[in-house]
Amino acid sequence: MAQLDSASPSEGEGCPFEPGREHISAGGLSDEDGIRRAMVLAGEAGAAGDAPIGAVLAVDGRLFAARNEKEARHDPTAHAELLAIRAAAEALGRWRIGGSLYVTKEPCAMCAGAIAAARIERLVYGCRDPKGGAAGSVIDILGSAAVNHRVEVIDGVLAEETGAQLRAFFAERR
Ligand code: ZN
């Protein structure tokens, strides 16, 4: 349905993402591709002891990938979405970033605010967060009339897989 460009070659195949680094995309990224890439980052976060959440920001034909590093950095703002936005802003030299952000889980209030502030055009996410989701589940920051930038929101892409990844992490730590 949201398939962008099925003719794009399987670029970056087997190329591991490193958080905060820039990755070049040869072509369009389908929503599922984006979420799958973000899930790889989420897996890395989980292996490092952080909740498995990953984000990939596609803008100007470039990809910026990040994982949740809240525990690793002892930084309450080191969410995957924010780290990807910061990496893009730094590399592109602008704060009006645009592009499509792929996240494994519905963003929190802080990240939803940052997504609007960065003028992201599309937000694609995996599972909903019934406890803190700010893209409609608990609060709807992006849908608020007080936010003067409209972000297209696509939810539930690989919702089962992304949800299972989070559940497995927390089940293991119980
Ligand atoms: Zn967040």
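Procedures and definitions
Residues numbered from 1 in each chain as written. Predicted model: local features only at pLDDT ≥ 70, side-chain atom pairs only at ≥ 80, totals over all residues. Axes fitted to C-alpha atoms, helices over the stretch in contact; angles between N-to-C directions. Helix = DSSP H or I, 4+ residues; strand = E, 2+ residues; numbered from the N terminus. Parallel < 35°, antiparallel > 145°, perpendicular 65-115°, else oblique. Left-handed = near helix turned anticlockwise from the far one by under 90°. Contact = placed C-beta atoms within 7 Å. Nonpolar A, V, L, I, M, F, W, Y, C, P; charged D, E, K, R; others polar. Buried ≥ 20, exposed ≤ 12 C-beta atoms within 10 Å, placed from the backbone.

A. Quick peek at the packing of helix α3 (residues 80–92) against helix α4 (residues 109–117). Running from N to C, α3 and α4 cross one another at 25°; their axes reach a closest spacing of 9 Å. Taken together, the axes of α3 and α4 lie roughly parallel to each other. Both α3 and α4 take part in a crossing whose hand is left-handed. Residue-level inspection shows E81, L82 and I85 of α3 in contact with α4, the latter providing C111, A114 and I115. Looking at the contact of α3 with α4, its residues break down into five nonpolar, no polar and one charged.

B. Layout of the packing of helix α1 (residues 31–47) against helix α5 (residues 159–173). Interaxial distance between α1 and α5 falls to 11 Å at its minimum, and their mutual angle equals 5°. Compared by their axis directions, α1 and α5 come out roughly parallel. The segment α1 lies against α5, with I35, M39, A42 and G46 engaging E161, T162, Q165 and F169. Split into classes, the residues belonging to the contact of α1 with α5 amount to four nonpolar, three polar and one charged.

C. Focus on the environment of G34. With respect to the helices and strands, G34 occurs in helix α1. Residue classification places G34 among the buried positions, given that 30 C-beta atoms sit within 10 Å. When the C-alpha atoms of G34 and V157 are compared, they prove to be 9.5 Å apart, with 123 residues separating the residues in sequence. Setting aside anything within four residues of it in sequence, one finds G34 in contact with L29, V56, A58, S100, Y102 and V124.

By themselves these figures say nothing about function.
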